[in-house]
Amino acid sequence: PIHPRRLAHRAQRRTRRAGNGAGRPALVLAAFYGNRRTLNSLVGAGADVNAADNAGITALMAASSAGYFGIVDSLVSAGADVNLKDAAGRTALANAVRGGHDTLAERLRSAGASDGSPAGADGEDGVADGEKQPADSDEKPADDKPKEEK
């Protein structure tokens, strides 16, 4: 097995080299795809929980958009800033509310989140337009109630 710090270093190096157009840090990618195990390894290895891609989207924003309650909870517990805004002024809380993830929104509010995003902006899902969440992610999106984690 690869030590978590080595994993984080490799992931960050590959992300920089990939030039994927969005400049997504490894932590944001792990949150976007719902991969909680990778996300926790990266956080444990010292990854910046507030790192953002070129559009200002953080791991917390990506997880909030998709409704990944467990990932949001892990990021908040690790000290992610719940009030950061992306380039369009959207917050993680705004993404959760727009997605109908009420329990997740309450978790963010309990961590001090405030909704300071513009209302009615286009592409408000916290993910680049045209991108979809994959069906084979490790974590299932939260609906009105948090899911039991295994």
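Keep in mind the model is a prediction, meaning the values are calculated, not measured. (Residues numbered from 1 in each chain as written. Predicted model: local features only at pLDDT ≥ 70, side-chain atom pairs only at ≥ 80, totals over all residues. Heavy atoms only, no water.)

### Structural notes on the overall build of the protein
1) Next: The helix and strand tally for the protein stands at seven helices and zero strands.
2) Next: Tracing the protein from N to C terminus, the helices and strands come up as α-α-α-α-α-α-α.
3) Next: Looking at the protein residue by residue over its 150 residues, the buried ones come to 41%.
4) Next: For the protein, contacts bridging at least 24 residues in sequence account for 72% of all contacts bridging at least 6.
5) Next: As presented, the protein carries roughly 7900 Å² of accessible surface, and 48% of it is formed by carbon and sulfur atoms. (Helix = DSSP H or I, 4+ residues; strand = E, 2+ residues; numbered from the N terminus. Buried < 20%, exposed > 50% of the residue type's maximum accessible area, 1.4 Å probe, protein only. Contact = heavy atoms within 4.5 Å. Areas by Shrake-Rupley, 256 points an atom, 1.4 Å probe, with all protein chains shown as cover.)

### Structural notes on the pattern of salt bridges
Side chains bearing opposite charge may pair, as long as their charged atoms lie close to each other.
1) Next: Taken as a whole, this structure holds four salt bridges when the rule is applied.
2) Next: Between Asp-53 and Arg-24 there is a salt bridge, with the nearest N and O atoms lying 3.2 Å from each other. Taken as a pair, Asp-53 in the loop between α3 (36-44) and α4 (59-66) and Arg-24 in the loop between α1 (4-18) and α2 (26-32) lie far apart in primary sequence, 29 residues in all.
3) Next: Overall, Arg-24 belongs to the buried group, its relative accessible area being 7%.
4) Next: A salt bridge links Arg-107 to Asp-73; its shortest N-O distance comes to 2.6 Å. Highlighted residues: Arg-107 in helix α7 (residues 102-110) and Asp-73 in helix α5 (residues 69-77), separated in sequence by 34 residues.
5) Next: We classify Asp-73 as partly exposed; its relative accessible area is 27%. (Salt bridge = Lys/Arg side-chain N within 4 Å of Asp/Glu carboxyl O.)

### Examining the packing of aromatic side chains
1) Next: Applying the stated criterion across every chain, the model contains one aromatic pair.
2) Next: Look at Phe-32 and Tyr-33: their rings are 4.8 Å apart centre to centre, the planes differ by 85°, and that puts the pair in the edge-to-face class.
3) Next: The exposure class of Phe-32 is buried, given its relative accessible area of 5%.
4) Next: It is Arg-24 that lies over the ring of Phe-32; its NZ or CZ is 5.5 Å from the centre. (Phe/Tyr/Trp six-rings, centres within 6.5 Å; stacked < 30°, edge-to-face > 60°. Lys NZ or Arg CZ within 6 Å of the ring centre and 35° of its normal.)

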